[in-house]
Amino acid sequence: MTAVPVVTIDGPSGTGKGTIAELLAKRLGWHCLDSGALYRALGLAAQRRGIDLDAAEPLARLAAGLRLEFRDARVLLDGADVSALIRTETAGGAASRVAAHAAVREVLLDWQRAAACPPGLVADGRDMGSVVFPDAPVKVFLTASPEERAARRYKQLKDKGMDVSLPALVAEIEARDARDRGRAVAPLVAPRGALVVDTTSLAIPEVLDRVLAAVRRVFPG
Ligand code: DC
């Protein structure tokens, strides 16, 4: 068993993972790890330094020296706020590419595990329950139809004032899914024993209720 209580929330993008993880962490008074932000920041750092996103070793070296901080709701790379920059679909695509390398994932393992601090951690990503925290007592896997996920992303990006096209978004989401599910190392899968919630026709409070009920069965709090 992990000494610090951990709840993992995995799934593809647009399933509501990030929102549910944040709300759950707030409700429990626990820390929240957005592991996708780590890969997104690494992708951005690589592009800034002109490092090929397919070059595993240079990327692993970059990851080992990454100057990344999570401060309140902001992500700082080399001391500068990159919170908005890493949220674009382009950054998501770059993240998915750097995340496909075993050497990169290995370097980031300790960093992610170190986030498990008292009183507890809600960890959001693709392999939180399968690889990073395999002993987590509560594992959740969120799904949703690709159409619904694309529509949610579209609304999110529009609300942030970004210029996006829905068909382009669907294509990007499908390409990213295929890469995340098909990679040899830590592919996106529902971990064994996970509570699987299809969020296609559920509102956020309904998803949160189901997840919270599963957490309360293990941590009556
Ligand atoms: O959750 P997100 O959309 O911010 O993640 C961006 C990409 O990072 C995702 O397409 C794959 C990669 N990722 C990963 O491989 N493992 C994680 N635990 C989190 C993200």
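Details of the structure are given in the entry above.
The text that follows walks through the structure, step by step, so that each part is easy to find. (Residues numbered from 1 in each chain as written. Predicted model: local features only at pLDDT ≥ 70, side-chain atom pairs only at ≥ 80, totals over all residues. Heavy atoms only, no water.)

## Describing the environment of valine 197
Stated formally: Under the scheme used here, helices are H or I runs from DSSP no shorter than 4 residues and strands are E runs no shorter than 2 residues, and both carry numbers assigned from the N terminus.
Inspection of the secondary structure puts valine 197 in strand E8 (residues 195-198). Linking valine 197 and valine 140, residues 57 residues apart in sequence, is a C-alpha distance of 7.6 Å.

## Things to note about the nonpolar core
Note that soluble globular proteins tend to have their nonpolar side chains buried in a common cluster. Keep this limit in mind: We call a set of buried residues a nonpolar core when its members are Ala, Val, Leu, Ile, Met, Phe, Trp, Tyr or Cys and they connect through side-chain atoms within 4.5 Å of each other. When a residue's accessible area, from a 1.4 Å probe over protein chains only, is under 20% of the maximum for its type it is buried; when over 50% it is exposed; and in between it is partly exposed.
Ranked by internal contacts, the top residues of the largest apolar core, which has 26 residues, are Leu42, Leu68, Leu77, Val104 and Leu108. Of the residues forming this core, the biggest block, eight residues, is contributed by helix H2 (residues 35-49). Within the second largest apolar cluster, 20 residues are counted, among which are Ala25, Trp30, Val122 and Val207.

## Let's talk about the sheet that holds strand E1 (residues 6-10)
Put simply, the test is: Between any two strands, at least two bridges found by DSSP are needed for them to pair. Note on method: axes are straight lines fitted to C-alpha atoms, helices fitted across the in-contact stretch only, with angles between N-to-C directions ranging 0 to 180 degrees. Should any heavy atoms of two residues lie within 4.5 Å, those residues are considered in contact.
Strand order in the open sheet made by the five strands is E2-E6-E1-E7-E8, with parallel pairing throughout. Looking at which strands have only one partner, the edges of the open sheet turn out to be strand E2 (31-34) and E8. Direction aside, the axes of adjacent strands within the sheet are offset by 20 degrees on average. Packed onto the sheet, H2 meets E2 and strand E6 (121-125) and runs at close to 40 degrees relative to E2.

## Regarding the side chain of aspartate 124
We apply this condition: Whenever two N or O atoms come within 3.5 Å, that pair is a polar contact, provided that in protein one can donate a hydrogen and the other can accept it, and provided that, for residues adjacent in sequence, both atoms are side-chain atoms.
You can see aspartate 124 is positioned in strand E6. Within the structure, aspartate 124 has its side chain in polar contact with the side chain of lysine 17 (distance 3.3 Å). Filtering out sequence-adjacent residues up to four positions away, aspartate 124 remains in contact with Ile9, Lys17, Gly18, Ala21, Leu33, Asp34, Ser35 and Gly36.

## Describing the environment of arginine 113
Here arginine 113 lies in helix H5 (residues 102-113). Classification of arginine 113 as partly exposed rests on a relative accessible area of 36%. Filtering out sequence-adjacent residues up to four positions away, arginine 113 remains in contact with Val131, Val132 and Phe133.

## Quick look at unusual backbone geometry
Cis geometry marks the peptide bond from proline 118 to proline 119, where omega comes out at 5 degrees. One can find proline 119 in the loop between H5 and E6. Phi angles above zero are rare outside glycine, and aspartate 78 is one such case at about 50 degrees. Inspection of the secondary structure assignment puts aspartate 78 in the loop between strand E4 (74-77) and strand E5 (80-81). Located in the positive-phi region is alanine 186, a residue other than glycine, with phi close to 45 degrees. Its place among the elements puts alanine 186 in the loop between helix H8 (166-182) and E8.

## Digging into the site of the ligand
Here is the rule we go by: Put simply, a residue is near a molecule or strand once any heavy atom of it comes within 4 Å of that molecule or strand. Polar here means any residue other than Ala, Val, Leu, Ile, Met, Phe, Trp, Tyr, Cys and Pro, which are nonpolar, and Asp, Glu, Lys and Arg, which are charged; Gly is therefore polar.
By nearness alone, 17 residues border the ligand, and Arg40, Arg105, Arg126, Arg176 and Asp180 come closest of all. One nitrogen or oxygen atom from the side chain of aspartate 127 is found 2.9 Å from a nitrogen atom belonging to the ligand. Arginine 176 has a polar side-chain atom sitting 2.8 Å from an oxygen atom of the ligand. Mapped by element, the contributors of at least two residues to the shell around the ligand are H2, helix H4 (89-98) and H8. With four residues, H2 is the largest single contributor of residues to the shell around the ligand. Looking at the shell around the ligand, its residues break down into four nonpolar, five polar and eight charged.

## Points about the packing of aromatic side chains
Counted only if it meets this: Aromatic rings from Phe, Tyr and Trp, taking only the six-membered ring of Trp, are treated as a pair when their centres fall within 6.5 Å; an angle between ring planes under 30 degrees marks them as stacked, one over 60 as edge-to-face, and anything in between as tilted.
Using the criterion set out here, one finds two aromatic pairs in the structure. Between tryptophan 30 and phenylalanine 219, the aromatic rings sit 5.5 Å apart at their centres with planes inclined by 80 degrees, giving edge-to-face as the arrangement. Taken together, the positions of tryptophan 30 in the loop between helix H1 (17-28) and E2 and phenylalanine 219 in the segment after helix H9 (204-218) put the pair 189 residues apart, joining distant regions of the chain. Of the two residues examined, tryptophan 30 and phenylalanine 219, each falls in the buried class.

## What about H5?
Test applied: Helix span, as expected, comes to 1.5 Å for every residue beyond the first. Of all possible arcs, the one meant is that of the directions from the helix axis to the C-beta atoms.
Over its twelve residues, H5 extends 17 Å from the first C-alpha to the last, a length consistent with the 16 Å expected when each residue adds 1.5 Å. When we look at burial in H5, the residues that qualify are Val104, Arg105, Leu108, Leu109 and Gln112. Along the axis of H5, the buried positions cluster into a sector of 150 degrees, meaning they face one direction only. Along H5, the residues that are exposed and aim more than 90 degrees away from the buried face are Glu106 and Asp110. Check the buried side of H5 and you find it contacts E2, H2, helix H3 (56-64), H4 and helix H6 (128-132).

What is shown is where atoms sit, not what they do.
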